[in-house]
Every structure is written in C-alpha cells, then in structure tokens.
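# Architecture at a glance
One-letter residues, chain by chain:
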Amino acid sequence: MKKGYWISLYIKIENQENLKKYADTVTPIIKSFGGVPLIRGGKYETHDGDEFTRSVVWEFPSYEKAVQCHNSKEYQDGWEFAKDTTSRHMQIIEGF
C-alpha cells in the first residue's frame, strides 16, 4: 500500500497564537489517523520558486487515511482556529 503525505506550505501567518491553538488541537487528531510528522518548521533555504514562512509534512500509512483525516470533522473543527489568519498551500499526495 502506498503512503499518503500532507504537504503544507505556509504563505502568511498573521497570528502565531491562532496557529499554536490549531497545532495543539490537531496534532493528536492527525496522529490518531496514523500521521507521523516529518517536517514542522525549522531552518530552510529557498533556491527556486516562492518563499514560504513555514513548511510542514506529515506521513500517513495510506493516501486514503490522509484524506480521511483531512476531511474528518475533528480536523476541520481544529482548522477553524487558524484558517482566518493563515494562508497556506496544502496538498495531499500519494507517495511510495
């Protein structure tokens, strides 16, 4: 079975406190779907393309689990904390 990945590239974060509430709320939810954090911020260099203020990558046991987690009521309720003060590019991708 192929794994699933969430890749979130943050364009703008207007309120760090809202982002923290979001992260504190959704981290256990994501983990309950088998999500494992691979990247959550940290040092970076941009060599090509747009600059993003934060990058986050989660690995899931399957693409289906990644989609189920994103679409779950629990996750969507948690996203409410940050969605009005955060702009991001987020994709769910099937991997190896």
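Nothing here was measured: the structure is a model prediction, and the numbers come from that model. Each chain carries its own residue numbering, running from 1 in the direction its sequence is written. At least 70 in pLDDT is required for a residue's local features to be given in this predicted model, at least 80 for side-chain atom pairs to be given and counted, and no such filter applies to totals for whole chains, interfaces and linings, which use all residues. Based on all heavy atoms of the structure, the side-chain values leave hydrogens and waters out of the count.

### Things to note about the side chain of Asn18
Runs of H or I in DSSP of at least four residues are treated as helices and runs of E of at least two as strands, each being numbered from the N terminus. Relative to the elements of secondary structure, Asn18 occurs in helix H1 (residues 16-32). Residue Asn18 is classed as buried on the basis of its relative accessible area, which comes to 17%. Distance and chemistry together define a polar contact, namely a pair of N or O atoms within 3.5 Å, with one atom able to donate a hydrogen and the other to accept it when in protein, and with adjacent residues in sequence counting only for side-chain atoms on both sides. Side-chain polar atoms of Asn18 contact the side chain of Thr85, separated by 3.2 Å. Buried means the residue's accessible area, taken with a 1.4 Å probe over protein chains only, is under 20% of the maximum for its type, while exposed means over 50%, and partly exposed covers the values in between.

### Observations concerning the side chain of Ser62
Along the chain, Ser62 turns up in the loop between strand E3 (54-60) and helix H2 (63-71). Assessed through its relative accessible area of 4%, Ser62 is described here as buried. Any two residues having at least one pair of non-hydrogen atoms within 4.5 Å are treated as being in contact. Leave out the neighbours within four places in its chain, and Ser62 touches Met1, Lys2, Lys3 and Gly4.

### Remarks on the packing of aromatic side chains
Geometry of aromatic contacts follows a simple scheme: Phe, Tyr and Trp rings, the Trp one being its six-membered ring, pair when their centres are within 6.5 Å, and the pair is stacked under 30 degrees between planes, edge-to-face over 60, tilted otherwise. Going through the model one piece at a time under the given rule, you end up with four aromatic pairs. With a centroid separation of 4.9 Å and an interplanar angle of 70 degrees, the aromatic rings of Trp6 and Tyr75 are classed as edge-to-face. Here Trp6, found in strand E1 (residues 4-13), pairs with Tyr75, found in helix H3 (residues 73-79); they are 69 residues apart in sequence, far enough to count as distant. Of the two residues, Trp6 and Tyr75, both sit in the buried class. Ring centres 6.1 Å apart and planes at 75 degrees place the aromatic pair Tyr22 and Tyr75 in the edge-to-face group. On the criterion of sequence distance, the pair formed by Tyr22 in helix H1 and Tyr75 in helix H3 is long-range, its members being 53 residues apart. A single burial state applies to Tyr22 and to Tyr75, both of which are buried. Here a set of aromatic residues connected by ring pairs shows up, and it is made of Trp6, Tyr22, Phe60, Tyr75 and Trp79. We call a charge positioned above a ring when the Lys NZ or Arg CZ atom is no farther than 6 Å from the ring centre and deviates by at most 35 degrees from the ring normal. Over the ring of Trp79 we find Arg88; its NZ or CZ atom is 3.7 Å from the centre of that ring.

### Section: the pattern of salt bridges
In the sections that follow, a salt bridge refers to a side-chain nitrogen of Lys or Arg positioned within 4 Å of a carboxyl oxygen of Asp or Glu. Counted by the stated rule, this structure contains five salt bridges. In this structure, Glu14 and Lys12 form a salt bridge, with 3.2 Å as the shortest nitrogen-oxygen distance. For Lys12, a relative accessible area of 41% gives the class partly exposed. In this structure, Asp24 engages Lys20 in a salt bridge whose closest nitrogen and oxygen atoms are separated by 2.9 Å. Taken together, the residues Asp24 and Lys20, both in helix H1 and four residues apart, mark about one turn of the helix. Residue classification places Asp24 among the partly exposed positions, given a relative accessible area of 48%.

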